[in-house]
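Spelled out, the chains give:
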Amino acid sequence: MIDMKERLLLKSETIPIIPKHVRFEFNEVRKEWVLLAPERALYPDKIAIAVLKKCDGKVSIQMIGKELAEIYKAPVEKIIEDIIVMLQDLADKGFLKEC
Amino acid sequence: MLKKLEAPLAILGEISHRCPLSCAYCSNPIELIEKNKELDTDTWLRIIDEAADLGIHQIHFSGGEPTVRKDLEQMVEHAHKRKLYTNLITSAVLLTRERLEKLKKLGLEHVQVSFQDSENENANRIGNFKGGHEKKLEIAKLVREFDMPLTINAVMHRQNLHHLDDMIKMSVDLDADRLEVANVQYYGWALKNRAAFMPTKNQLEASMEIVEKARKDLKGILVIDYVLPDYYAKRPKPCMGGWGRQFLNISPEGNVLPCHAAETIKSFKFDNVKDKSLSWIWENSEPFNKFRGTDWMPSPCKTCDRREIDWGGCRCQALALTGDINAVDPTCEFSPLHEKIFGSAAEESSNEAPEFIYRLYSNKEVEPIKK
Ligand code: SF4
Ligand code: SF4
């Protein structure tokens, strides 16, 4: 029997990963990034794309935040907070897991 | 890639109308396509290529029952190679462990299993298929065992809405990712059984409460999609994200439709993949262009602030219920016919439910299994 799922609550030390059944890819015909999941297609904006590219199961949200804070010249805490809100929404829809 | 027009996002391939179940609520047309008229394998593989070249993201294999086709494996494999996201919409009763495992290996990414109820006896009565429910449970578990995401599709109505809670529980127990609670749509065969299926207002109100609560309690565990039945809604739902905006539906014989019920519109001539390419059809097919965008709209819609949200609702329904394909969708409260139709639905559901008229692939009506 499979273990019952629990809601994943993201924290800054969580290492997020896009699960196998969700595809985050660049569609060559449309020339745009898309997040493909069962019966859904999402078009992430520029910042979301930057974050999702880092959700490879290797780095924590905190580290992603630090990196982006440098690129976008914004306070780390605020960025981490925003990333958590954004990724939590994706996790609740089943588009994101923890590693 | 098309210039002026956005390319479609997804394609629904109704690869066969054949089906071992005989649901009384089937929304497929009364006249089903026979096996010898179905598109062959090569044509489907070409459609898949054309879809990928158009930039389409997803392909849903559906029916009828898609697993009746022995070449489903080839289609899935090819779609996966062309990087389309593959989804199988199935009643599951014909699937086996071996076949599911093979499909997964070939690139199947998601499975949606339909359930007629959470309770054995009632489920098999509604689908008129002995042992069906048990088989569905078995396959749904296998889907998760093979680590594929699972959607449970539950068609709910007057005769099973009281089990909605159990249906949600069943979905959680099966470790499903998503539960799609659909209400019967009264097209095709289902219209014959409207009186048997139309839920009462009380049932619907209770069901909305149940869904709201479950959504809160099960956040991050189970996603629940719930669409209110048309007859009780105040505003129509957008047809497939808007007529000819996001979806293509291909019938078993290759007609390309804006939605799976569109062939109920007898005045249209639909283009066929055997004669034209998918991109030509998407761009030029008359039925697609007829109700695309907002120019065609009748008066309350033309100036309505929801015109680019619901895109004027459902054309098939407007035709079925008002006799006029150009009319305002009568589910909208701004339709002059809204009150009349809403009233008749409520009246139907307050009478005692008649017995089902089952659908059979042969189109003969069958004796119902006794309650
Ligand atoms: S026109 Fe109506 S029946 Fe057809 S898909 Fe749209 S909503 Fe459904
Ligand atoms: S008037 Fe037309 S556009 Fe407005 S809500 Fe009704 S159907 Fe939709």
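Reading the values: rules and limits
Residues numbered from 1 in each chain as written. Chains lettered and ligands numbered in written order. Predicted model: local features only at pLDDT ≥ 70, side-chain atom pairs only at ≥ 80, totals over all residues. Heavy atoms only, no water. Buried < 20%, exposed > 50% of the residue type's maximum accessible area, 1.4 Å probe, protein only. Helix = DSSP H or I, 4+ residues; strand = E, 2+ residues; numbered from the N terminus. Arc of directions from axis to C-beta. Contact = heavy atoms within 4.5 Å. Buried area = accessible area lost by both parts, 1.4 Å probe. Salt bridge = Lys/Arg side-chain N within 4 Å of Asp/Glu carboxyl O. Polar contact = N/O pair within 3.5 Å; in protein donor to acceptor, adjacent residues only side chain to side chain. Nonpolar A, V, L, I, M, F, W, Y, C, P; charged D, E, K, R; others polar. Near = heavy atom within 4 Å. 1 Å grid on protein atoms, 1.4 Å probe; cavity = no way out; pocket = protein on both sides within 12 Å on 5 of 7 lines; lining within 4 Å. Sits in = over half its atoms within 2 Å of the grid points. Pairing = 2+ DSSP bridges. Axes fitted to C-alpha atoms, helices over the stretch in contact; angles between N-to-C directions. pLDDT = per-residue confidence, 0-100. Parallel < 35°, antiparallel > 145°, perpendicular 65-115°, else oblique. Left-handed = near helix turned anticlockwise from the far one by under 90°.

## A word on helix 3 (residues 97–106) of chain B
Residue and element names in this part refer to chain B.
Thinking step 1. Of the positions making up helix 3, those classed as buried are Arg-99, Leu-100, Leu-103 and Leu-106. Seen end-on, helix 3 carries its buried residues on one side only, within an arc spanning 125°. Residues Glu-98 and Lys-105 are exposed on helix 3 and point more than 90 degrees away from its buried face.
Thinking step 2. Structurally, helix 3 contributes buried residues whose contacts are with helix 2 (72–81), strand 3 (85–90), strand 4 (110–115) and helix 5 (132–145).
Thinking step 3. One or two positions beyond helix 3, positive phi appears at Gly-107, with a value near 120°.

## Let's talk about the interface of chain A and chain B
Thinking step 1. With 23 residues of chain A in contact, the opposing surface of chain B contributes 36 residues.
Thinking step 2. Overall, the association of chain A and chain B removes approximately 2600 Å² of surface from exposure, summing both partners, and the carbon and sulfur fraction of that is 52%.
Thinking step 3. On the surface where chain A and chain B come into contact, there are four salt bridges.
Thinking step 4. Here Glu-109 of chain B ties to Arg-23 of chain A by a salt bridge, and the two come within 2.8 Å at their closest N and O atoms.
Thinking step 5. Summed over the shared surface of chain A and chain B, the result is 14 residue pairs in polar contact (both at pLDDT 80 or more).
Thinking step 6. Elements that contribute at least two residues to the side of chain A that touches chain B include exactly strand 2 (23–27), strand 3 (32–37) and strand 4 (40–42) of chain A.
Thinking step 7. For the side of chain A that touches chain B, the class distribution of residues is ten nonpolar, two polar and eleven charged.

## Observations concerning the side chain of Ser-335 of chain B
Thinking step 1. Tracing the chain through its elements places Ser-335 of chain B in the loop between helix 12 (315–322) and helix 13 (338–350).
Thinking step 2. With residues up to four places along the chain from it excluded, the contact list for Ser-335 of chain B reads Val-328, Asp-329 and Pro-330 of chain B.

## A closer look at the site of ligand 2
Residue and element names in this part refer to chain B.
Thinking step 1. For ligand 2, the full set of nearby residues is Arg-235, Pro-236, Pro-300, Cys-301, Cys-304, Arg-306, Arg-307, Asp-310, Cys-332 and Phe-334.
Thinking step 2. Mapping ligand 2 onto the cavity grids shows that it belongs to the largest cavity.
Thinking step 3. Split by residue class, the shell around ligand 2 holds six nonpolar, no polar and four charged.

## Regarding the sheet that holds strand 4 of chain A
Across a sheet, strands are paired by hydrogen bonds formed along the backbone, either parallel or antiparallel in direction.
Residue and element names in this part refer to chain A.
Thinking step 1. Strand order in the open sheet formed by three strands is 2-3-4, with antiparallel pairing between adjacent strands. What marks the edges here is a single partner per strand, and that holds for strand 2 and strand 4. With strand direction ignored, the average angle separating the axes of adjacent strands in the sheet is 30°.
Thinking step 2. As judged from the three bridges shared by strand 3 and strand 4, these two strands associate in the antiparallel manner. Along strand 4, the bridge assignment pairs Ala-37 with Arg-40.

## A look at the confidence of the model for chain B
Thinking step 1. For chain B, the mean per-residue pLDDT works out to 85, and 85% of the residues sit at or above 70.
Thinking step 2. Taken over the whole predicted complex, pTM reads 0.87, whereas the ipTM for its chain interfaces reads 0.83.

## Points about the packing of helix 2 of chain B against helix 3 of chain B
Residue and element names in this part refer to chain B.
Thinking step 1. Two numbers describe how helix 2 lies on helix 3: the axes approach to 8 Å, and their chain directions differ by 25°. Accordingly, the angle class assigned to the pair helix 2 and helix 3 is roughly parallel. Like other packed secondary-structure pairs, helix 2 and helix 3 cross with a definite hand, here right-handed. Seen from helix 2, the contacting residues are Leu-72, Glu-73, Val-76, Glu-77 and His-80; seen from helix 3, they are Arg-99, Lys-102, Leu-103 and Leu-106.

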